[in-house]
Amino acid sequence: MNKKPTFKEYMEKERDTLEMYTKAIAKVHGPHHPEIIEIRRIFETLEEKIATDSTDFATEFKNLRTLTNDYQAPQDTCETTVATYELLKEADRLYQTK
């Protein structure tokens with residue numbers, strides 16, 4: 001039976017991917033979608049808070065849900081944006097169910 005990862009385990013596992021993806025989509029889509037630049041900033045805040053063993057990420061996930069329209073990637077963006085939103089959505093779900 002597969003055990004579901006905790007929020008912290010998930011973030012540790014997906015950290016490098018999210019680091020790469022958020023940076024890439026901010027660079028590519030940021031000029032036309034400034035909210036994606038803010039998503040990158042929020043991810044950086046999440047990383048900082050995880051590194052300092054913070055347990056309160058409610059504000060960051062609330063802001064991500066708002067900025068992403070509940071994790072719906074803009075139609076004129078790439079598959080990497082879709083993947084990034086899905087990774088963040090799963091992180092949010094795991095955080096909410098902790």
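Quick note: structure is the one above.
Residues numbered from 1 in each chain as written. Predicted model: local features only at pLDDT ≥ 70, side-chain atom pairs only at ≥ 80, totals over all residues. Heavy atoms only, no water.

Peer 1: Describe the side chain of Asp 92, with residues and values.
Peer 2: Relative to the helices and strands, Asp 92 resides in helix α4 (residues 79-96). Within the structure, Asp 92 has its side chain in polar contact with the side chain of Arg 65 (distance 2.8 Å). Excluding residues that lie within four positions of it along the chain, Asp 92 makes contacts with Phe 61, Arg 65 and Tyr 71. (Helix = DSSP H or I, 4+ residues; strand = E, 2+ residues; numbered from the N terminus. Polar contact = N/O pair within 3.5 Å; in protein donor to acceptor, adjacent residues only side chain to side chain. Contact = heavy atoms within 4.5 Å.)

Peer 1: How would you explain the pattern of salt bridges if you had to name every residue and give the values?
Peer 2: Summed over all chains, the structure comprises 12 salt bridges. For the salt bridge of Lys 3 with Glu 9, the shortest nitrogen-to-oxygen distance reads 3.4 Å. For the salt bridge of Glu 44 with Arg 40, the shortest nitrogen-to-oxygen distance reads 3.2 Å. Here Glu 44 pairs with Arg 40, and both are found in helix α2 (residues 34-51), just 4 residues apart, close to one helical turn. Glu 44 gets classed as partly exposed once you look at its relative accessible area, which sits at 31%. The class for Arg 40 is buried, based on a relative accessible area of 11%. Residues joined by salt bridges that share partners form a network here, namely Glu 19, Lys 23, Arg 40 and Glu 44. (Salt bridge = Lys/Arg side-chain N within 4 Å of Asp/Glu carboxyl O. Buried < 20%, exposed > 50% of the residue type's maximum accessible area, 1.4 Å probe, protein only.)

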